[in-house]
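Survey of secondary and tertiary structure
Below, each chain spelled out in residue letters.
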Amino acid sequence: GKSVLMRSILALNRPQAGTIRLLGKDALSHDPASRAFIERNTGVLFQNAALFSSLTVMENVMVPLKEHSTLPEDVMTELAMIKIRLAGLEPEAAYKLPAALSGGMRKRAGIARALALEPELLFLDEPFEGVDAVASRVLRDTLKQCVNRGATVFLTSHVLEIVEKLCTDVGIIARGQMVHQ
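Just so you know, these numbers come straight off a predicted model, no measurement behind them.

**As for helix 4 (residues 73-86)**
Taking 1.5 Å of rise per residue, the 14 residues of helix 4 would be expected to cover 20 Å, and the 20 Å separating its terminal C-alpha atoms lies within 8% of that figure. Listed as buried for helix 4 are M76, A80, M81, K83 and I84. Across the axial projection of helix 4, the buried residues extend over an arc of 165 degrees, all falling on one side. For helix 4, the exposed residues lying more than 90 degrees away from the buried face are D74 and E78. Looking one or two residues past helix 4, G88 carries a phi angle of roughly 90 degrees, positive in sign.

**Details of the sheet that holds strand 5 (residues 152-156)**
Strand order in this open sheet of 3 strands is 3-4-5, and the pairing throughout is parallel. Edge positions in the sheet fall to strand 3 (42-45) and strand 5, since each has one partner strand and no second. Averaged over all neighbouring strand pairs, the angle between strand axes comes to 10 degrees, with direction disregarded. In terms of strand pairing, strand 3 meets strand 4 (residues 121-125) through 4 bridges, oriented parallel. Across the sheet, residue T42 finds its bridge partner in strand 4, namely L121. Each of strand 3, strand 4 and strand 5 touches helix 1 (residues 2-9); the most contacted strand, strand 4, lies at about 150 degrees to it.

**With respect to the pattern of salt bridges**
Going through the model one piece at a time under the given rule, you end up with 3 salt bridges. Between K83 and E118 there is a salt bridge, and its shortest N-O distance comes to 2.0 Å. Of the two residues, K83 is situated in helix 4 and E118 in the loop between helix 5 (103-115) and strand 4; the sequence distance between them amounts to 35 residues. Judged by its relative accessible area of 40%, E118 is partly exposed.

**Observations regarding unusual backbone geometry**
Positioned with a positive phi, A11 is a non-glycine residue whose angle comes to about 65 degrees. Take A11: it is sitting in the loop between helix 1 and strand 1 (21-22).

**Considering the pairing of strand 5**
Of the pairings in the sheet, the one linking strand 4 to strand 5 comprises 5 bridges and is parallel in character. By the bridge assignment for strand 5, F123 is matched with F154. The handedness of the strand 4 to strand 5 crossover, carried by helix 6 (residues 133-148), is right-handed.

Calculation notes
- Every chain is numbered independently, its residues counted from 1 as its sequence is written.
- Totals for whole chains, interfaces and linings use every residue, but because this is a predicted model, local features are given only for residues with pLDDT of at least 70 and side-chain atom pairs only at 80 or more, for both listing and counting.
- The side-chain quantities take in all heavy atoms of the structure and omit both hydrogens and water.
- Numbered from the N terminus, helices here are DSSP runs of H or I no shorter than four residues, and strands are runs of E no shorter than two.
- Multiplying 1.5 Å by the residue count of a helix minus one yields the expected span of that helix.
- The rule is simple: take the accessible area with a 1.4 Å probe, protein chains only, and divide by the maximum for that residue type; under 20% is buried, over 50% is exposed, in between is partly exposed.
- Starting at the helix axis, one direction is taken to each C-beta atom, and the arc is that of these directions.
- A pair of strands is treated as paired once DSSP finds two or more bridges between them.
- Every axis corresponds to a line fitted to the C-alpha atoms, with the helix fit spanning only the stretch in contact, and the corresponding angles, defined between N-to-C directions, vary from 0 to 180 degrees.
- Contacts: residue pairs with any heavy atoms within 4.5 Å of one another.
- One speaks of a salt bridge when a side-chain nitrogen belonging to Lys or Arg is within 4 Å of a carboxyl oxygen belonging to Asp or Glu.
- For a crossover, the right-handed case is the one in which the path from the first strand over the helix to the second runs clockwise, viewed with the strands pointing away from the viewer.

So, in structure tokens, the structure goes:
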């Protein structure tokens with residue numbers, strides 16, 4: 001239910017009924033300008049990180065920058081390296097393919113990509129799953145920084161301890177239904 005809800009909000013799954021608004025726009029719209037606005041202002045981490053296997057970590061992090069900015073290549077490279085470090089990866093990880101990384105490192109690379117555009121909305125599907133204690137602490141600190149700069153984080157997790165530490169508003173889904181808000 002959690003992942004399906006997130007994918008529906010992101011218009012990756014079409015809901016059977018209703019409307020979804022993100023940043024004042026119809027999230028289900030086929031209007032290219034509305035879609036581009038939402039994509040430019042939304043960072044996403046899927047549960048399995050969903051990195052492009054043929055691209056290095058650096059190239060993966062640069063994908064949203066290339067798609068939604070006109071920055072020079074050297075500036076994009078510098079920004080990508082900043083996000084890679086912010087996500088808790090060592091600089092040498094930037095030049096590796098996802099297959100050469102552990103599961104936790106792939107997750108951190110996905111987080112770096114989600115943060116690339118400094119999004120207003122950050123959607124994270126089970127970001128702490130498969131991440132060691134050190135990386136978990138780095139991720140918590142990074143998310144707190146995002147919230148402090150004004151971002152909204154939509155986090156799915158089945159680990160209530162993490163939810164209690166990070167979230168101000170909580171909804172609980174059981175058997176496909178929102179049972180607590």
